[in-house]
Amino acid sequence: MAGLGKEYKAGEVIFQQGDAGNCMFVIQKGEVEALVDSDGRQLRLRSMGRNEFFGEMALFEKEVRTATIRAIRPTRVLTIDKKNFLGGVHEDPSLSFRILQMMSHRIRDLTDRLARYEEIG
Amino acid sequence: MIKANSSALKDGSRIAVIGAGPSGSMFSFFFLNMAELIGLQADVDLYEPRQFCHRGPSGCNHCGGIVSESLVQRLATEGINLPNSIVQRGIESYTLHMDVGDVEIATPLSEKRIAAIYRGHGPRESSPEAADSFDGFLQELAQEKGATLIRRLVTGIKRDDEKMTVHCADQTSADYDLVVVASGVNSRLLDIFESDMPSFRQPDRTKTFICEFHLGAELINKTFGPSMHVFLLDIPRLEFAALIPKGEYVTLCLLGDDIDEALMTRFFESPEVRNCFPENMIPPHVCHCYPRINIQPSRPIYDDRLVMIGDSGSTRLFKDGIGAAYRTSKAAAKTVVFHGVDADSFKQHYAPLCRRIDHDNLVGKFVFNVAGLVQKARFARRGILRMTRSEQQRSKGPRRMSGVLWDLFSGSASYTNVFLRTLHPAYFGSLIWNLVAGNLRGGTGTKDHEREGEGSHARH
Amino acid sequence: MPGTEPSFRSLAQQAEKQPPCQAHCANSGDVRGWMGVIAQHEKNGLTRDQAFDEAWRKIARMNPLPATIARICPHPCEDSCIRSDKDGAVSINALERFLGDWALSRTLPLPSVIPRLYEDSIGVIGSGPASLSFAYQMARRGYGVTVYERGESIGGMLRRAIPEYRLPHDVLDAEVKRLLKVGITLVNNTDVGTTIGLEELRDRHDVVFLGVGAQATRRLGIPGEDGPGVTAGIDYLRERKRHSQTLGGQRVFVVGGGNTAIDAARSALRDGAQVTLLYRRSETEMPAIAAEVDDARAEGVEFRFLVSPTRIVRDGDKLTGIEIRPMRLGEPDAQGRRRPLPGNGQPQTLAADRVLIAVSQAPDWHGLEWILDDRNSLHADQDGRLDKGLWAGGDDRGAGIAGNAIAQGRLAAESAHAELRGTAAPRMQAHKKVVQRERVQHDHYTNCFRGERPRLPENQRLTNPDAEVDQTIGPEQAYREATRCMSCGLCFDCQQCFMYCNAAGFTRLADTGPGNYFILALEACEGCGKCVELCPCGYLELRDTEASLP
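Residues numbered from 1 in each chain as written. Chains lettered and ligands numbered in written order. Predicted model: local features only at pLDDT ≥ 70, side-chain atom pairs only at ≥ 80, totals over all residues.

Student: Go over unusual backbone geometry with me, naming the residues and quoting the values.
Tutor: Along the chain, Arg299(B) connects to Pro300(B) via a cis peptide bond; the corresponding omega equals -10°. Here Pro300(B) is to be found in the loop between strand 19 (292-296) and strand 20 (302-303). The backbone phi angle of Gln495(C) is positive, close to 70°, even though this residue is not glycine. Checked against the element boundaries, Gln495(C) lands in the loop between helix 16 (475-483) and helix 17 (496-500). According to the C-beta neighbour criterion, Gln495(C) is buried, with 21 such atoms within 10 Å. (Helix = DSSP H or I, 4+ residues; strand = E, 2+ residues; numbered from the N terminus. Buried ≥ 20, exposed ≤ 12 C-beta atoms within 10 Å, placed from the backbone.)

Right under this line is the structure:
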């Protein structure tokens with residue numbers, strides 16, 4: 001009743017790897033994990049909490065979701081649809097700063113992990 | 001004219017923001033964010049002697065408390081996520097009440113919902129846990145980003161060539177490189193400023209009315225549901241009236257041309273209003289005020305080392321003040337971080353946004369005038385009712401009138417956008433059709449229940 | 001209340017309230033007023049020094065001996081100060097003392113009109129605080145006043161009974177001298193009742209004031225009390241001012257729990273004795289000023305509570321011991337103090353060399369017995385009036401603190417003046433409502449802790465027995481303390497009401513002063529209550545206009 005956005009119970013899936021998608025999500029409360037299916041094995045990429053984004057790639061590309069997002073705890077998320085976001089960026093380009101920052105952070109994180117796996121492997 | 005960037009802020013610059021309402025706090029937040037991004041070290045002093053944790057008018061910045069979902073999403077993108085405790089209610093529909101009948105308008109898209117909030121800590125005498133302040137939340141964000149809260153009352157702003165000086169009621173003063181005025185139109189600061197600076201003209205204002213009724217969550221759910229109740233009544237000078245359910249209380253908001261007691265009495269006597277309340281009786285209210293709103297921007301909105309944001313500058317007419325505060329504070333922050341603090345920078349990078357808002361308001365004024373005609377002309381009311389009802393009954397198909405009304409009531413689209421949609425031939429054609437059909441005998445759609453003072457039933 | 005129109009009838013109004021400091025002051029001193037003069041001096045065009053002068057004058061009009069009184073007052077004003085709920089009471093006492101000393105150092109004259117405006121002649125018997133207060137109030141209004149004092153020096157209990165380390169003689173002398181300059185004639189070594197009769201004085205003067213005090217000590221009434229070694233505490237204090245005493249290691253017991261007992265105990269300590277104070281109730285019931293009790297303990301006085309003497313033990317004439325028995329606390333009496341009752345346990349005899357008795361005082365009416373009623377007390381009205389042309393005040397109307405005496409002298413003078421001039425006695429403070437504590441908003445005022453007062457370190461006190469233990473603060477600290485006053489119940493120009501009224505209903509006055517900055521236009525008030533909620537001192541309030549309609 002109070003609060004906007006959608007509520008998910010612990011364990012509920014928000015979207016599956018391979019789904020079509022055209023919106024991004026911002027976590028208002030709770031925690032989710034990002035899982036990637038690779039050759040039958042499920043790899044846990046990361047977990048995300050309040051104020052963090054996920055699904056942002058759908059805003060810029062027409063590809064399908066690259067990971068499954070599942071709620072770890074009871075979670076509430078707000079959707080940011082593509083049209084709303086891109087329209088906003090057009091009006092005010094600085095709107096994209098945070099997303100760029102976060103994406104840059106993710107790339108850094110993934111680069112680190114890739115480097116480590118390559119060492120091990 | 002290419003200026004050497006002597007007006008750009010340097011490391012160690014000091015900025016004073018007067019007022020920690022939404023525009024002041026958001027300016028501080030955005031400025032500090034972006035300054036950090038480009039490696040600019042600057043101090044922001046946020047002046048606010050009031051405390052938003054106080055209940056009642058002393059901790060409140062007096063408004064209906066409507067934040068459209070698109071604004072909520074936009075704020076989330078900016079990193080401003082409204083916690084659950086601040087959102088009193090998610091509004092999912094509007095119920096339009098007129099003498100010719102009622103119609104419930106469901107949200108056109110699932111993403112078009114509204115958040116109903118309290119600007120302060122809730123009505124006087126409400127319990128402390130009942131509400132968290134929207135303004136308080138934004139102020140805390142600004143402080144977390146590094147703004148220094150100064151609990152002093154600013155009573156004067158003076159300028160000289162190299163700096164601005166802010167004077168306070170306790171006889172202290174401090175110097176700054178830039179003063180951002182975000183004190184709004186419910187404080188005398190702009191008044192004082194007007195007498196200190198002859199070239200400055202403060203915003204034109206009109207009086208509105210807001211009050212709170214205590215009914216309890218259960219009763220409110222039963223009677224009002226997740227719906228905002230809007231009234232289009234033939235009462236002169238009343239442009240807009242809404243009852244907004246929030247938690248244990250219902251907020252009443254009356255907008256128009258200098259709302260006064262006579263107008264209010266007429267409003268409370270209208271059967272359309274009485275029928276919304278349990279047992280058709282309006283209880284005494286627990287908290288009320290007559291806030292002023294900005295209906296004409298101040299002039300000028302900026303000068304060297306000085307800029308007016310939010311209600312102190314340009315804001316949207318009647319609706320979406322918080323959205324306008326967001327836009328103006330962001331634009332001002334960008335100007336200051338990336339360009340400079342001189343009049344020219346503001347002219348090039350801040351003023352255009354304000355002009356857009358002002359121009360949109362002209363369209364808005366026109367649209368509200370048309371709505372005023374509708375309020376007076378019964379045949380128009382019948383037509384609109386019929387059109388909206390048939391749209392709401394259809395499961396598919398464009399809901400043009402519903403959409404227009406929705407965006408008008410919630411301020412979630414610009415007035416220009418709304419107006420242009422009314423020029424669409426399909427809209428226009430349908431409207432004409434409904435105006436005719438609605439005024440034929442028995443024609444307002446389903447049941448024609450002209451008001452007879454019978455009670456309205458549970459809304460859902 | 002169903003179905004009614006919303007009521008907008010609760011308009012805001014400006015309504016001064018009485019602050020607790022004034023309500024609790026024995027003399028109804030306008031503490032907030034003189035604090036405001038200092039704290040708000042810049043707004044009102046005074047330098048800080050001018051503000052100190054003006055603040056002192058405000059005090060002096062009510063109390064001509066502030067330096068003296070501040071040194072001995074138990075300051076109930078501070079105990080009731082609302083700021084104590086926040087970060088410590090305002091140091092009203094220290095500030096009054098500072099102003100008293102300030103005025104002395106700058107030789108400011110006491111406020112008064114041209115002397116001898118009126119022909120009526122005023123006679124005052126006694127020269128203690130009540131008499132001096134009465135004399136000053138009459139003299140400053142323009143009357144010729146004569147003070148008759150039994151002894152050589154004037155000041156009553158102030159001079160005789162209060163030790164130097166609390167009230168130095170030169171402070172008292174300076175204030176008394178200044179007071180006499182207002183046009184008061186002193187006739188000393190004249191005992192009314194023996195040297196000259198009361199009736200004669202009443203013929204000589206149009207108004208006579210009786211301020212004879214309470215010089216006689218009550219006795220314990222126990223066996224062995226008569227004889228050497230047992231002295232009234234008051235008499236001991238008087239004696240040691242005349243001739244310094246050395247008690248070299250003697251075991252001295254002081255009986256009593258008031259300020260005189262503490263004074264006697266601390267004085268005996270300074271004279272070299274081992275001192276034990278015996279009190280029949282517990283420490284919480286002691287009427288003495290708590291800080292003085294702490295000082296006494298810190299200096300080395302031993303305390304024994306819930307004991308009462310039953311017998312003085314003598315070997316022939318010589319005092320060898322004191323027998324005490326345990327007490328317990330019973331139900332509270334009419335004044336709310338718990339009754340001391342005999343307790344369980346055996347009596348105990350303690351070895352002693354001297355016993356000082358300081359249990360209570362009574363007026364010494366010799367020669368004047370005829371004015372007493374059948375219960376041996378003065379029958380005076382609330383202003384102290386006994387008869388046409390005859391008033392009384394001070395300890396002779398009931399022992400109390402010096403502030404009480406000052407108040408009674410002042411009220412008697414106002415009443416006498418009114419009677420002489422044929423007007424109604426002014427009630428100086430109309431009974432305004434007292435500020436409710438919860439109404440004052442602590443979070444408006446910046447935190448600022450109560451300053452420490454300079455004091456003589458404990459280890460220096462016995463070696464400098466006459467040195468003042470408490471010392472006067474300096475002007476910087478004085479100013480800082482004055483700014484801590486929250487101005488409870490009276491406007492101090494925070495300007496919030498003016499700035500935030502949605503209807504712009506407040507206008508700044510052209511001539512401002514403490515308490516007087518804005519005027520609210522009642523017809524502009526929209527009844528939202530914002531200003532009342534914002535007002536940090538409780539000056540603004542909502543009023544129910546329905547209630548005030550006839």
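Let's pick the thread back up.
Student: With reference to specific residues and values, describe the sheet that holds strand 7 (residues 230-232) of chain C.
Tutor: Residue and element names in this part refer to chain C. Strand order in the open sheet made by the 5 strands is 7-15-8-9-10, with parallel pairing throughout. Each edge of the open sheet is held by one strand with a lone partner, namely strand 7 and strand 10 (302-305). Looking at each pair of strands side by side, their axes are set apart by 20° on average, direction ignored. For strand 8 (residues 251-255) and strand 9 (residues 274-279), the ladder comprises 5 bridges, and the chain directions are parallel. By the bridge assignment, Arg251 is partnered in strand 9 with Gln274. Docked against the sheet, helix 11 (residues 233-242) engages strand 7, strand 8 and strand 15 (354-357), running at close to 85° with respect to strand 7. (Pairing = 2+ DSSP bridges. Axes fitted to C-alpha atoms, helices over the stretch in contact; angles between N-to-C directions. Contact = placed C-beta atoms within 7 Å.)

Student: Could you give an account of the domain arrangement of chain B, with specific residues and numbers?
Tutor: How big an interface is tends to be stated in terms of the accessible area lost upon association of its parts. Residues and elements named next belong to chain B. Domains assigned within chain B are domain 1 (9-65 + 133-202 + 297-362) and domain 2 (370-439). Look at where the C-alpha atoms of domain 1 and domain 2 centre, and you get two points 38 Å apart. Contact residues are listed per partner, giving 6 residues for domain 1 and 4 residues for domain 2. Considering only residue class, the side of domain 1 that touches domain 2 consists of no nonpolar, 2 polar and 4 charged. (Domains from an automatic or database assignment. Nonpolar A, V, L, I, M, F, W, Y, C, P; charged D, E, K, R; others polar.)

Student: Describe the nonpolar core, and please don't skip the residues or the numbers.
Tutor: Counting 298 residues, the largest nonpolar core has Val179(B), Val180(B), Val254(C) and Ala265(C) as its most contacted members. At 9 residues, the largest contribution of residues to this core is made by helix 8 (residues 321-338) of chain B. Setting aside anything within four residues of it in sequence, one finds Ala265(C) in contact with Val254(C), Val275(C), Leu277(C), Ala296(C) and Val301(C). (Core = buried A, V, L, I, M, F, W, Y, C linked by C-beta atoms within 7 Å.)

Student: Can you explain the packing of helix 6 (residues 92-105) of chain C against helix 16 of chain C? Please cite residues and give values.
Tutor: All names here are of chain C. Where helix 6 contacts helix 16, the axes come no closer than 10 Å and their chain directions differ by 135°. Between helix 6 and helix 16, the interaxial angle falls into the category oblique. Every pair of crossing elements has a handedness; the one defined by helix 6 and helix 16 is left-handed. Across from Ala94, Leu95 and Phe98 in helix 6, the residues of helix 16 making contact are Ala478, Glu481 and Ala482. (Parallel < 35°, antiparallel > 145°, perpendicular 65-115°, else oblique. Left-handed = near helix turned anticlockwise from the far one by under 90°.)

Student: Can you tell me about the interface of chain B and chain C, naming the residues and giving the values?
Tutor: At the junction of the two partners, chain B supplies 28 residues and chain C supplies 25 residues. For the side of chain B that touches chain C, the elements supplying multiple residues, two or more each, are helix 6 (261-269) and strand 18 (287-289) of chain B. Looking at the side of chain B that touches chain C, the element that brings in the most residues is helix 6 of chain B, giving 3 residues. Of the residues assigned to the side of chain B that touches chain C, the class counts are 13 nonpolar, 11 polar and 4 charged.

Student: Before we move on, could you go through the packing of helix 2 (residues 82-91) of chain A against helix 2 (residues 69-77) of chain B and cite the residues and values that matter?
Tutor: Between helix 2 of chain A and helix 2 of chain B, the shortest axis-to-axis distance is 11 Å and the interhelical angle comes to 65°. Taken together, helix 2 of chain A and helix 2 of chain B sit at an angle that is classed as roughly perpendicular. When you trace helix 2 of chain A past helix 2 of chain B, the crossing you get is right-handed. Packed against helix 2 of chain A, whose contacting residues are Asn84(A), Phe85(A) and Gly88(A), the element helix 2 of chain B presents Ser70(B), Gln73(B), Arg74(B) and Thr77(B) at the interface. Of the residues that constitute the contact of helix 2 of chain A with helix 2 of chain B, the class distribution is 1 nonpolar, 5 polar and 1 charged.

Student: Describe the pairing of strand 3 (residues 144-148) of chain C, and please don't skip the residues or the numbers.
Tutor: Residues and elements named next belong to chain C. With 5 bridges connecting them, strand 2 (residues 121-125) and strand 3 associate as parallel partners. Along strand 3, the bridge assignment pairs Ile122 with Val145. The parallel pair strand 2 and strand 3 is bridged by helix 7 (residues 129-140), and the resulting crossover is right-handed. Of the pairings in the sheet, the one linking strand 3 to strand 4 (residues 184-187) comprises 4 bridges and is parallel in character. Paired with Tyr148 across the strands is Val187, a residue of strand 4. (Right-handed = clockwise from strand over helix to strand, strands pointing away.)

Student: Residue-level account of the interface of chain A and chain B, with values.
Tutor: Each side of the interface is counted separately: chain A has 21 residues, and chain B has 22 residues. Those elements that place two or more of their residues in the side of chain A that touches chain B are strand 3 (23-29), strand 8 (75-81), helix 2 and helix 3 (97-120) of chain A. Here the side of chain A that touches chain B takes 4 residues from strand 8 of chain A, the largest share from any one element. In terms of residue class, the side of chain A that touches chain B is built from 9 nonpolar, 7 polar and 5 charged.

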